[in-house]
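The residues making up each chain are set out below.
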Amino acid sequence: MRFGLIGAGAFGALRAAAVRKSTTNRLTAVFDQAQEAARSVAGKDAKVFASPQSLIEADDVDAVIISTPPQFHEPLAVAAAKNGKHAIVEKPMAPTVEACRRMVQAATEAKKLLTIGFNHRYFPALKMLRDTVSSGELGKLSHVRAFAGHNGLANFRAPWFYDPEIQGGGALTDNGIHVLDLCRYVMGDFREIYGQTRNNVWELGEAEDNAFGLFRNDDGVVCSLHATWTEWKGYRFHVEAYGDRGMARAYYAPMQFMKIIVGKPGGPPKRTTNYYPGAIIREKLKGWQTTTIAALQEEMDDFAALASGETRDKGRLSTGQDGLRSMEVVKATYASGKAVQAIKLDPLPELWEITPR
Ligand SMILES: NC(=O)c1ccc[n+]([C@@H]2O[C@H](COP(=O)([O-])OP(=O)(O)OC[C@H]3O[C@@H](n4cnc5c(N)ncnc54)[C@H](O)[C@@H]3O)[C@@H](O)[C@H]2O)c1
């Protein structure tokens, strides 16, 4: 698959590196409003374009990666669909639910694949967690407990990261949305939302520094999620799933998976831990980016296979609907906190299920 990249900043550069590592994908085009950034990421093998529209229309671009600040995701993704191009859009999908809906609608009408950059689904410990839950090893699923931590303004490169007009919110839309998506990936969709937010550390108005969500699915499985920009130990997250026959936990960083299986409630525990020494040593030598690039490469290989009609997808790749739902959950968390009452979400319409080809 021939990819064109719009937005050659810090994360766009990792996407470009992941495309280049693939044996089946190629980076053919780059646009960034900062031409120097575009030239640097394009290197010798990709062409630098003078406008996003000319890149989207280019014959040697099959799919567009959109890695700009989030307020530009909608117009670029809609233009990609209208020009018959598949798209990978970075998280958060867009600052408003309405923009996310329009993006799903455009991709659906064009019958083009739209995926959202929930690449943590491809981290080895998270794949293991999801597969353990789906295998039924934990018994009947009871609840999921999750945490998404970051040290906030101490570590942001630009003010747009904490501008709610651009990001759509605060900690929950930034690092939190990855883990929110991972919880849905493990336990299915959320239907009831209760939330609270706090903002007494960074004092950023509508961009909360801590968000707390209690989410419930149609089977009564409960998820608790805490997303924060005040985790002074730095970037880390975990997702834990508890069933009536055991529990499993995926953690990063460092990458770790652990499960405890009990034959019956309170029975003797059988514990298994995976430490991923290869990933840990590689990160120590070459940086955390290597883990991200590996996940992005796998995600984009799945994307390319699915877009060209192969059936290699194992249900890992996120869809536009996942991006839309995650933003609906974020906004419902905020609204619930203000109203101090739970909010019920409608089921996602099946009409919008994307049929890639
Ligand atoms: N999946 C992940 O784990 C992950 C991690 C970090 C960032 N992100 C997401 O990736 C996206 C980009 O983040 P980043 O960290 O690379 O930001 P960044 O600020 O480093 O880069 C953004 C780039 O977009 C360019 N740009 C801005 N407006 C543009 C426009 N209208 N058209 C074309 N280019 C434009 C800027 O010049 C800059 O080079 C955001 O949506 C962010 O949330 C995802």
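### Overview of the sheet that holds strand β10 (residues 222–228)
Inference 1: Taken in spatial order, the 9 strands line up as β14-β13-β12-β11-β7-β10-β9-β8-β15 in an open sheet, and their pairing is mixed. Every other strand in the sheet has two partners, leaving β14 (269–274) and β15 (343–344) as the edge strands with one partner each.
Inference 2: Two strands pair when backbone bridges link them, and strand β12 (residues 246–252) and strand β13 (residues 256–262) are joined in this way by 6 bridges, in the antiparallel orientation. Across the sheet, M247 pairs through a bridge with I260, a residue of β13.

### Some points on the pairing of strand β11 (residues 236–243)
Inference 1: A large share of β11 lies buried, amounting to 7 of its 8 residues.
Inference 2: Relative to β11, strand β7 (residues 141–149) runs antiparallel, the two being bridged by 8 bridges. Residue pairing across strands places G149 opposite R236, the latter belonging to β11.
Inference 3: Sheet topology note: the β11/β12 ladder contains 7 bridges and is antiparallel. Looking across to β12, one finds that G243 is bridged to G246.
Inference 4: With antiparallel pairing between neighbouring strands as the criterion, β11 and β12 make up a hairpin whose turn holds 2 residues.

### Concerning unusual backbone geometry
Inference 1: Cis peptide bonds are those with omega within 30 degrees of zero, and the linkage from K91 to P92 qualifies with -15 degrees.
Inference 2: With omega at 0 degrees, the peptide bond leading from A253 into P254 counts as cis.
Inference 3: With a phi close to 50 degrees, E203 is a non-glycine residue in the positive phi region.
Inference 4: Positive phi, normally seen in glycine, also occurs at V340, with a value near 50 degrees.
Inference 5: Tracing the sequence through the fold places V340 in the loop between α11 (320–339) and β15.
Inference 6: Residue V340 is classed as exposed on the basis of its relative accessible area of 55%.

### Quick word on the packing of helix α1 (residues 10–21) against helix α10 (residues 289–307)
Inference 1: Interhelical geometry of α1 versus α10 gives an angle of 60 degrees and a closest axis separation of 8 Å. The angle between α1 and α10 falls in the class oblique. Considering how the two elements wind past one another, α1 and α10 form a crossing that is right-handed. On α10, the residues that touch F11, L14, R15, A17, A18, V19 and K21 of α1 are Q289, T292, I293, L296, Q297, E299 and M300.
Inference 2: Residue composition of the contact of α1 with α10, by class: 8 nonpolar, 3 polar and 3 charged.

### Quick notes on the packing of aromatic side chains
Inference 1: Here the structure, examined in full by the defined rule, presents 11 aromatic pairs.
Inference 2: Ring geometry for Y235 and F237: centres 6.3 Å apart, planes at 80 degrees, overall edge-to-face.
Inference 3: Taken together, the aromatic side chains of F156, W160, F161, Y162 and W229 make up a single cluster linked through ring pairs.
Inference 4: Its guanidinium or amino end placed over the ring of F49, K47 lies 4.5 Å from that ring's centre, counting from NZ or CZ.

### Examining helix α8 (residues 175–187)
Inference 1: The end-to-end C-alpha separation of α8 is 19 Å, in line with the 18 Å expected for 13 residues at 1.5 Å each.
Inference 2: Across the 13 residues of α8, 13 count as buried, placing the element largely inside the fold.
Inference 3: Positioned one or two residues after α8, G188 has a phi angle of 90 degrees, which is positive.

### Quick word on the site of the ligand
Inference 1: In the vicinity of the ligand, 27 residues are found, and the nearest of them are F11, D32, K91, N119 and R157.
Inference 2: Burial of the ligand by the surrounding chains reaches 85%, relative to a free accessible area of 850 Å².
Inference 3: Assessed atom by atom at 2 Å from the grid points, the ligand resides in the largest pocket.
Inference 4: Broken down by element, the residue count for the shell around the ligand peaks at 3 residues, all from α1.
Inference 5: Residue composition of the shell around the ligand, by class: 12 nonpolar, 11 polar and 4 charged.
Inference 6: Residue assignment places the shell around the ligand across two domains, with domain 1 (2–116) and domain 2 (120–286 + 319–344) each supplying three or more.

Parameters at a glance
Residues numbered from 1 in each chain as written. Predicted model: local features only at pLDDT ≥ 70, side-chain atom pairs only at ≥ 80, totals over all residues. Heavy atoms only, no water. Pairing = 2+ DSSP bridges. Helix = DSSP H or I, 4+ residues; strand = E, 2+ residues; numbered from the N terminus. Buried < 20%, exposed > 50% of the residue type's maximum accessible area, 1.4 Å probe, protein only. Axes fitted to C-alpha atoms, helices over the stretch in contact; angles between N-to-C directions. Parallel < 35°, antiparallel > 145°, perpendicular 65-115°, else oblique. Left-handed = near helix turned anticlockwise from the far one by under 90°. Contact = heavy atoms within 4.5 Å. Nonpolar A, V, L, I, M, F, W, Y, C, P; charged D, E, K, R; others polar. Phe/Tyr/Trp six-rings, centres within 6.5 Å; stacked < 30°, edge-to-face > 60°. Lys NZ or Arg CZ within 6 Å of the ring centre and 35° of its normal. Expected span 1.5 Å × (residues − 1). Near = heavy atom within 4 Å. Areas by Shrake-Rupley, 256 points an atom, 1.4 Å probe, with all protein chains shown as cover. 1 Å grid on protein atoms, 1.4 Å probe; cavity = no way out; pocket = protein on both sides within 12 Å on 5 of 7 lines; lining within 4 Å. Sits in = over half its atoms within 2 Å of the grid points. Domains from an automatic or database assignment.

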